[in-house]
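# Structural description and commentary
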Amino acid sequence: MKLIVGHLYPDYLNIYADRGNIAVLARRAAWRGHELEVRALSIGDDVRPGEHDLLYVGGGQDREQALVAEDLVTKTAGVLEAVAGGAAVLAVCGGYQLLGRSYRDLRGVELPGVGLFPLETVAGTTRMIGDVLLECQLEPGGLRTLAGFENHAGRTLLDAGAEPLGRVVAGFGNDGESGWEGCRVGRAVGTYLHGPLLPRNPWFADWVLAQALAHRAGEPPELGPLPDELEAQAHAVSARRAEQRGGRR
């Protein structure tokens, strides 16, 4: 099966090797006989509903976010219609913030957001940096852990009733206080976890891949297991580093 990935602003939002997430998805798809075609969507490009199985956006610093924010707002209808039509989304850090309603930086400048995720972000005066470990349950009865790296000044506040990606076991998460990290709306997920995220969390990479396949095929397929010994080791090292920070602060 051929999957189409719309990679938003790869020329602006690729801090901490977030582009590596696409490489992982492409390889894990290929090992199962599927093909990923990645199409860059930058300033001036349209998001056409129905065209993409997965929309991906990485992280960037405030300068890069400011450069793309106004253009991203022009893509709002396309992004929302794509998600309503069953497309998957993975948004990391700056991309996560801009897919909320708004992001206010340290200077008080408010960048408009797409409004996909029910949240708002305001920059704080200190950064929240380090390894982070989450507990997630994306499917009933399937409690798993996600390990990654966070580096953000933004304090992201979810609306009442919004669904987080996971519970913070160690690290800061969305705001350093609520105990939640990320946000999920159906097949769309936003998170602060860099690193990149997917190489050390193969189960989550397969979940994202399955959501994209579901858009193409109608329902998430059962993906056969892969030999993930090295990935499991990477996850364990990252999780251990997070736990040694002494828990959520």
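Quick caveat, the model's predicted, so the values are computed rather than measured.

### Focus: the packing of aromatic side chains
Following the criterion strictly, the structure yields 4 aromatic pairs and no others. With a centroid separation of 6.0 Å and 75° between ring planes, the pair formed by Y96 and F117 is classed as edge-to-face. Taken together, the residues Y96 in helix α4 (residues 94–98) and F117 in the loop between β6 (110–112) and β7 (119–137) connect sequence positions 21 residues apart. What makes Y96 buried here is its relative accessible area of 0%. Exposure remark for F117: the relative accessible area of 0% places this residue in the buried category. Seen in terms of ring centroids, Y96 and Y192 are 5.2 Å apart; in terms of plane orientation they differ by 80°. Their pairing is edge-to-face. Separated by 96 residues along the polypeptide, Y96 in helix α4 and Y192 in the loop between β12 (188–191) and α5 (202–217) bring together distant segments of the chain.

### Digging into the nonpolar core
Counting residues in hydrophobic clusters, the biggest one holds 63 residues, and the most contacted among them are L99, F117, L146 and F204. A total of 9 residues in this core trace back to one element, the largest contributor, which is α5. Setting aside residues no more than four positions away along its own chain, F117 makes contact with A91, Y96, L99, G100, R101, C183, V185, A188, V189 and G190. Counting residues in each nonpolar core, the second largest holds 5 residues, with L133, A147, A170 and A242 among its members.

### Structural notes on the environment of R240
Of note, R240 is situated in helix α6 (residues 229–243). With a relative accessible area of 43%, R240 lands in the partly exposed category. Sequence separation between R240 and Q211 is 29 residues; the distance between their C-alpha atoms is 29 Å.

What counts, and where the lines are drawn
- Each residue is numbered by its place in its chain's sequence as written, counting from 1.
- Note on the predicted model: pLDDT of at least 70 is required for a residue's local features to be given, and 80 or more for side-chain atom pairs to be given and counted; whole-chain, interface and lining totals, by contrast, use all residues.
- Hydrogens and water are ignored here; the side-chain numbers use all heavy atoms of the structure.
- A pair of Phe, Tyr and Trp rings is counted when the ring centres sit within 6.5 Å of each other, with Trp represented by its six-membered ring. The angle between the planes then sorts it: under 30 degrees is stacked, over 60 is edge-to-face, the rest tilted.
- Only DSSP runs of H or I covering at least 4 residues are called helices, and only runs of E covering at least 2 are called strands; the numbering of each starts at the N terminus.
- Working definition: with a 1.4 Å probe on protein chains only, accessible area under 20% of the residue-type maximum means buried, over 50% means exposed, and in between means partly exposed.
- As used here, the term nonpolar core means buried Ala, Val, Leu, Ile, Met, Phe, Trp, Tyr and Cys residues forming a set that is joined through side-chain atoms within 4.5 Å.
- Here, two residues are considered to be in contact whenever any of their heavy atoms come within 4.5 Å of each other.

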